[in-house]
Amino acid sequence: MKKTKFLLLAFLTLLTISFTSCEELFGLEDEDDNVVETVACGDYNGPSNIDNQYDYQCQAAYAYKCNGQTEALASQCAYYKQLQEQLNLPDCDYCD
């Protein structure tokens, strides 16, 4: 009898979770909603025709620059420039 109750509880739990999205469970947002934007700089305008994983590196530089974090900006731009040399990426306008 205990095994039947446990299985029923497990089934109901699984059913409940299946009707609840990951966003509601974990507070996750879509990637498109995570666009970096600050009042100081306005909208982010990154390089075109670049893979998202490398564009995120330029977005990080943008965020550091807009928030006045000069040490973090220098570090991020050094990393982006290293990637740029290795992968022939376009310039990131936020790295002077």
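Please refer to the structure placed before this passage.
Source: prediction; values computed, not measured.

Rules used throughout
- Residues numbered from 1 in each chain as written.
- Predicted model: local features only at pLDDT ≥ 70, side-chain atom pairs only at ≥ 80, totals over all residues.
- Heavy atoms only, no water.
- Core = buried A, V, L, I, M, F, W, Y, C linked by side-chain atoms within 4.5 Å.
- Buried < 20%, exposed > 50% of the residue type's maximum accessible area, 1.4 Å probe, protein only.
- Helix = DSSP H or I, 4+ residues; strand = E, 2+ residues; numbered from the N terminus.
- Polar contact = N/O pair within 3.5 Å; in protein donor to acceptor, adjacent residues only side chain to side chain.
- Contact = heavy atoms within 4.5 Å.
- Phe/Tyr/Trp six-rings, centres within 6.5 Å; stacked < 30°, edge-to-face > 60°.
- Disulfide = S-S within 2.5 Å.
- Lys, Arg positive; Asp, Glu negative; His and termini not counted.
- Salt bridge = Lys/Arg side-chain N within 4 Å of Asp/Glu carboxyl O.

Enquirer: How would you summarise the nonpolar core if you had to cite specific residues and measurements?
Expert: Core analysis: the biggest nonpolar cluster contains 14 residues, and C58, A61, Y80, C92 and Y94 have the highest contact counts within it. If you list the elements that add at least two residues to this core, you get α3 (52–66) and α4 (70–87).

Enquirer: Go over the side chain of Q84 with me, naming the residues and quoting the values.
Expert: Position of Q84 among the secondary structure elements: in helix α4. Judged by relative accessible area, which is 17%, Q84 ranks as buried. A polar contact is formed between the side chain of Q84 and the backbone oxygen of P90, at a distance of 3.4 Å. Discounting chain neighbours no more than four positions away, the residues touching Q84 are L89, P90 and D91.

Enquirer: Any details on the packing of aromatic side chains? Residues and values, ideally.
Expert: Under the criterion given, the structure shown has 3 aromatic pairs. Their ring planes at 70° and their centres at 5.3 Å tell us that Y44 and Y62 sit as a pair that is edge-to-face. Taken together, the residues Y44 in the loop between β2 (42–43) and α3 and Y62 in helix α3 connect sequence positions 18 residues apart. Each ring, one from Y62 and one from Y94, has its centre 4.9 Å from the other, and the planes form 70°; the classification is edge-to-face. One end of the pair, Y62, is in helix α3; the other, Y94, is in the segment after α4, and 32 residues separate them in sequence. In this structure an aromatic cluster arises from ring pairing among Y44, Y62 and Y94.

Enquirer: I'd love a proper account of unusual backbone geometry, names of residues and values included.
Expert: Despite not being glycine, N49 shows a phi value in the positive range, around 55°. Among the structural elements, N49 can be located in the loop between β2 and α3. Positive phi values are uncommon outside glycine, yet N88 reaches one of about 55°. With respect to the helices and strands, the residue N88 is situated in the segment after α4. Residue N88 is classed as exposed on the basis of its relative accessible area, which comes to 69%.

Enquirer: Before we move on, can you summarise the state of the cysteines with the specific residues and values?
Expert: Applying the stated rule across the entire model yields 2 disulfides. The residue that forms a disulfide with C58 is C92, at a sulfur-sulfur distance of 2.0 Å. Between C58 and C92 the sulfur-sulfur dihedral comes to about 85°; the bridge is accordingly right-handed. Of the two residues, C58 is situated in helix α3 and C92 in the segment after α4; the sequence distance between them amounts to 34 residues. Like C92, C58 is buried.

Enquirer: Describe in detail the side chain of D55, supporting the description with residues and values.
Expert: Along the chain, the position of D55 falls in helix α3. We note that D55 is buried and unpaired, the nearest opposite charge coming from K65 at a distance of 15 Å. If we skip the residues at most four places from it in the chain, D55 touches Y44, G46, P47 and I50.

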